[in-house]
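# Overview (structure and organization)
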Amino acid sequence: VEFMTFNFAMQAIDHIINSAAKTNYMSGGQMRCPVVFRGPNGAASRVGAQHSQNYGPWYASVPGLIVIAPYDAADAKGLLKAAIRTEDPVVFLENELLYGRTFEVPKLDDYVLPIGKARIMREGKDVTLVSYSIGVGLALEAAETLAGEGIDAEVIDLRTLRPLDTATVLKSLKKTNRVVVVEEGWPTCSIASEISAVCMEQGFDDLDAPVLRVTNEDVPMPYAANLEKLMLVSADKIVAAVKSVLYRS
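Residues numbered from 1 in each chain as written. Predicted model: local features only at pLDDT ≥ 70, side-chain atom pairs only at ≥ 80, totals over all residues. Heavy atoms only, no water.

The strand order S4-S6-S5-S8-S9 describes an open sheet built from five strands, whose pairing is mixed. Only two strands of the sheet have a single partner each, and these edge strands are strand S4 (119-122) and strand S9 (212-215). Strand-to-strand twist across the sheet, computed as the mean angle between neighbouring axes with direction ignored, equals 25°. Of the strand pairs in this sheet, S4 and strand S6 (residues 153-157) are connected by three bridges, and their pairing is antiparallel. Residue pairing in the sheet places Arg-119 in a bridge with Asp-157 of S6. Here helix H9 (residues 235-245) sits on the sheet in contact with strand S5 (127-131), strand S8 (179-183) and S9, set at roughly 175° to S9. (Pairing = 2+ DSSP bridges. Helix = DSSP H or I, 4+ residues; strand = E, 2+ residues; numbered from the N terminus. Axes fitted to C-alpha atoms, helices over the stretch in contact; angles between N-to-C directions. Contact = heavy atoms within 4.5 Å.)

You can see Pro-187 is positioned in the loop between S8 and helix H7 (191-203). Taking the C-alpha atoms as reference points, Pro-187 and Pro-106, 81 residues apart in sequence, are found 35 Å from one another. Setting aside chain neighbours within four positions, we find Pro-187 in contact with Ser-193, Arg-213, Thr-215, Asn-216, Glu-217 and Asp-218.

Spatial ordering of the open sheet is given by S1-S3-S2-S7, a layout of four strands whose pairing is mixed. Because the sheet does not close on itself, it has two edges, and the strands there are strand S1 (36-41) and strand S7 (160-162). The mean inter-strand angle of the sheet, taken between neighbouring strand axes irrespective of direction, is 20°.

Where helix H6 (residues 166-176) contacts H7, the two axes come as close as 10 Å, and the packing angle between them is 65°. For the crossing formed where H6 meets H7, the hand is right-handed. Residue-level inspection shows Thr-166, Val-169, Leu-170 and Leu-173 of H6 in contact with H7, the latter providing Ile-195, Val-198, Cys-199, Gln-202 and Gly-203. Each residue belonging to the contact of H6 with H7 can be placed in one class, and the counts come to six nonpolar, three polar and no charged. (Left-handed = near helix turned anticlockwise from the far one by under 90°. Nonpolar A, V, L, I, M, F, W, Y, C, P; charged D, E, K, R; others polar.)

What follows concerns the pairing of S8. With five of its five residues buried, S8 lies for the most part within the structure. Here S8 shows no split at all, with Val-179, Val-181 and Glu-183 on one side and Val-180 and Val-182 on the other all buried. With three bridges joining them, S5 and S8 adopt parallel strand pairing. Bridge pairing in S8 links Thr-128 to Val-179. The pairing of S8 with S9 spans four bridges and is classified as parallel. (Buried < 20%, exposed > 50% of the residue type's maximum accessible area, 1.4 Å probe, protein only.)

Attention now goes to the packing of aromatic side chains. Per the stated rule, a full pass over the model turns up six aromatic pairs. On the basis of an interplanar angle of 70° and a centroid distance of 6.0 Å, the ring pair of Phe-6 and Tyr-59 is categorised as edge-to-face. Of this pair, Phe-6 sits in the segment before helix H1 (13-20) while Tyr-59 sits in helix H3 (residues 56-60), and the two are 53 residues apart along the sequence. Of the two residues, Phe-6 and Tyr-59, both sit in the buried class. (Phe/Tyr/Trp six-rings, centres within 6.5 Å; stacked < 30°, edge-to-face > 60°.)

With that settled, the discussion passes to the packing of helix H5 (residues 134-147) against H9. In contact at an axis separation of 8 Å, H5 and H9 are set at 55° when each is read in the N-to-C sense. Regarding the angle of H5 to H9, the classification is oblique. Note on packing geometry: the crossing formed by H5 with H9 is right-handed. Where H5 abuts H9, its residues Leu-138, Ala-139, Glu-141, Ala-142, Thr-145 and Leu-146 lie against Ala-235, Ile-238, Val-239 and Val-242. Of the residues contributing to the contact of H5 with H9, the split by class is eight nonpolar, one polar and one charged. (Parallel < 35°, antiparallel > 145°, perpendicular 65-115°, else oblique.)

Turning our eyes to something else, we now look at the pattern of salt bridges. Inspection of the entire model under this criterion finds 17 salt bridges. A salt bridge links Arg-32 to Asp-88; its shortest N-O distance comes to 2.7 Å. Remark: Asp-88 occurs in the loop between helix H4 (73-85) and strand S3 (90-95) and Arg-32 occurs in the loop between helix H2 (23-26) and S1; sequence separation between them is 56 residues. The shortest N-O distance in the salt bridge between Lys-125 and Asp-126 comes to 3.5 Å. Owing to a relative accessible area of 52%, Lys-125 belongs among the exposed residues under this scheme. The class for Asp-126 is buried, based on a relative accessible area of 17%. Salt bridges linked by common partners bring Asp-72, Asp-75, Arg-119, Asp-157 and Arg-159 together as one network. (Salt bridge = Lys/Arg side-chain N within 4 Å of Asp/Glu carboxyl O.)

Below you can see the structure in the form of structure tokens.
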């Protein structure tokens, strides 16, 4: 099922959450629901508050759903194939602005990626940047800037929001002792909030600084271009957060 934008999926949210997500459980495993709901997600460019929302945290909070949010074209291909082949309902969130970017895609007859497995986009030892979707690109941009200042950032792309690959995050935390979560979305009840809680509950002894979240501002998306820019997460904001957890000015 394709939505022209996931904002329009609000009209079908009951079918996704109350029917698709619960069919397997409520039938005692007798009925499966192999359906993929896909479409553009997140902020676009000057389309206003009703068309600029990140639905990742919304759907990732629902047991019974798989939620995938790829960053690049290779992941979009490999994970969409995996989503189509699973017996469970999948919410597949494609970032609208990433449609305009070009990435390499492996030339394989059957390129399929595992669901629920994050990947390390960049190795580092000083701080871990955790993100997904368009935020991965911002994290990589920030990592390049930080490298010029002698700060070695590791960048993790979650890929899948439910199930969440917490093991990869915690392993990186054990190495770097600092985590900054980057999310193009609101801070309250977010994927960033969940990662922060996981790091505190399961990796507290490895933390040398508080986990910081770098997200959009906690307001509806403005229409005006200058206000939209101020509202969105940015590489500069990520750099500032990293310096904060490293206690550098």
